[in-house]
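Descriptive analysis of the structure
The primary structure of each chain is shown beneath.
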Protein chains: 2
Amino acid sequence: MPTARRPRQARAIETRRRVYEAAVAEFERSGVEAARIEDIVTAAGVSWGTFFTYFPSKDDVVLEAAIVTCAAFADACRKGLAAGSGTGVIVGNAFAALRRAAPAPGPFRDAIMRGIANQPERLSDHLGEDVPNPVLALAEVLEAGQRRGDVAAGEPPESLAAVLVHATIAAGRREAAMERAAGATQRSGLPLTVLTIKLLLRGMRPDPEPGDPREVALERAAAALRDAAEPDGPRIP
Amino acid sequence: MPTARRPRQARAIETRRRVYEAAVAEFERSGVEAARIEDIVTAAGVSWGTFFTYFPSKDDVVLEAAIVTCAAFADACRKGLAAGSGTGVIVGNAFAALRRAAPAPGPFRDAIMRGIANQPERLSDHLGEDVPNPVLALAEVLEAGQRRGDVAAGEPPESLAAVLVHATIAAGRREAAMERAAGATQRSGLPLTVLTIKLLLRGMRPDPEPGDPREVALERAAAALRDAAEPDGPRIP
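Residues numbered from 1 in each chain as written. Chains lettered and ligands numbered in written order. Predicted model: local features only at pLDDT ≥ 70, side-chain atom pairs only at ≥ 80, totals over all residues. Heavy atoms only, no water.

What follows deals with the UniProt feature "DNA-binding region" (unreviewed entry) in chain A. Taking the numbering used here, the UniProt-annotated feature "DNA-binding region" (unreviewed entry) corresponds to residues 36–55 of chain A. For residues 36–55 of chain A, the end-to-end C-alpha separation is 14 Å, with 75% helix and 0% strand making up the annotated structure. (UniProt positions renumbered as here; feature names shortened; annotations may be inferred. Helix = DSSP H or I, 4+ residues; strand = E, 2+ residues; numbered from the N terminus.)

Here we take up the packing of aromatic side chains. Aromatic ring pairs are defined here through the distance separating the ring centres and the angle between the ring planes. One pass over the structure, following the stated rule, counts twelve aromatic pairs over all chains. On the numbers, 5.2 Å between centres and 90° between planes, the contact of A:F51 with A:F52 is edge-to-face. In this structure A:F51 comes out as buried when scored by relative accessible area, which is 0%. On the numbers, 6.1 Å between centres and 45° between planes, the contact of B:F51 with B:F55 is tilted. Since its relative accessible area comes to 1%, B:F55 is described here as buried. (Phe/Tyr/Trp six-rings, centres within 6.5 Å; stacked < 30°, edge-to-face > 60°. Buried < 20%, exposed > 50% of the residue type's maximum accessible area, 1.4 Å probe, protein only.)

Let us look at the packing of helix α5 (residues 87–101) of chain A against helix α8 (residues 134–148) of chain A. All names here are of chain A. Put simply, α5 and α8 touch, their axes get as near as 10 Å, and they point 170° apart. The pairing of α5 with α8 is recorded here as roughly antiparallel in orientation. Contact residues: α5 offers T87, I90, V91 and F95, while α8 offers L138, V141, L142, G145 and R148. Of the residues in the contact of α5 with α8, the class split is six nonpolar, two polar and one charged. (Axes fitted to C-alpha atoms, helices over the stretch in contact; angles between N-to-C directions. Parallel < 35°, antiparallel > 145°, perpendicular 65-115°, else oblique. Contact = heavy atoms within 4.5 Å. Nonpolar A, V, L, I, M, F, W, Y, C, P; charged D, E, K, R; others polar.)

Of all hydrophobic cores here, the largest spans 136 residues; its most connected members are A:L138 and B:L138. Look past the residues within four positions of A:L138 in its chain and what remains in contact with it is A:F73, A:C77, A:V91, A:F95, A:A161, A:L164 and A:V165. (Core = buried A, V, L, I, M, F, W, Y, C linked by side-chain atoms within 4.5 Å.)

What follows concerns the packing of helix α1 (residues 8–34) of chain B against helix α2 (residues 37–44) of chain B. Residues and elements named next belong to chain B. In contact at an axis separation of 9 Å, α1 and α2 are set at 135° when each is read in the N-to-C sense. Compared by their axis directions, α1 and α2 come out oblique. The element α1 and its partner α2 pack so that their crossing is right-handed. On α2, the residues that touch R18, V19, A22, A23, E26 and F27 of α1 are D39, I40, A43 and A44. When grouped by side-chain class, the residues that make up the contact of α1 with α2 number seven nonpolar, no polar and three charged. (Left-handed = near helix turned anticlockwise from the far one by under 90°.)

Structure (structure tokens):
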């Protein structure tokens, strides 16, 4: 390859990519804390100075991995909306894209997912305007679903999206912990993340009729839950 | 009150309860890390030695709070099953009981909930046989629901219970973080925890007919999600 002829900027982009990938690989192997810059620069074939030019701290690599993950999710949402796909298909594709773009299962992926789940405001600051965070990207999909009649109206799409994102990330972490646990017996049935998404999407359908006795019972249960913040709130009989 | 006449054991139980409540109040106020034993023993009117007799470390108080919280949840599940209540009502009551039994919202409650969500195995070791952890308690409720036809069969009740517990705890933490965030705008609609429980319970209903095109789409989305663990897995068209 005639690297010598490449313009300087293209070479810089290529070097930066190589450094990033070496760092991600090392973080996946050793975790962020234990990873050694020494091993990253050796693997990437660059100097310490080059590493720090592109990534002033390890946190900058973590942040970039979070951005790449969120961008893949948002991109799948956008493409699904443009193609006019159904809500279930878009959501399935978006979480599949997120899973593919995220680091391999392990402490590094956990750190990314924790950041997405627990610090969405901080994440939004860094993502800028081009990459919406997953809750906002998904809220657009669910809002389109509400307009089309796929998704029950009545709840703000941002709340539905927040539930779907947080529940799925929590299920994914639990799933990974179970897989890592020594001697964990493999359960039958769907993986927890897939089960979570299926149950929530079914629950968002506009089916339930107003008079359905199960809906009435659910409303009473919901009221009791809301009141439970008060120490002597009512119980459902 | 004729305290002098009380048998020794009753006095010990009463003292232990006073120490525990003072510790919980102090943990709620200052967080576990920052709480000072000095303030706890002053509030409880006991000596340092008494505190350490009952609770060799702060962690023992945290563990007891987790046990109290899990016991309230399991108790509500048991009572609901005994009364023959519907699944939605039992689940609503159980999470309401958990919320009432848990420490006040703040870092101490977060620590308890994190323990329940992330270390269920460790928790089960401490709970012993009398208090099942929330996932196991709920699995019994959902299994009864499957037998009665409230809950769709086909998925292991433990998986359904794990999804419900982890999703609800994740929603609760997000909800609390939003409330604490300075300048957070109050959203309309249900609190996230209540919304999560409602959506999941609706999603667990045995309604969907095998030929429902939305179910077919959901199955394809689920398959794509499962395959997403492989780097070049298929996409849903």
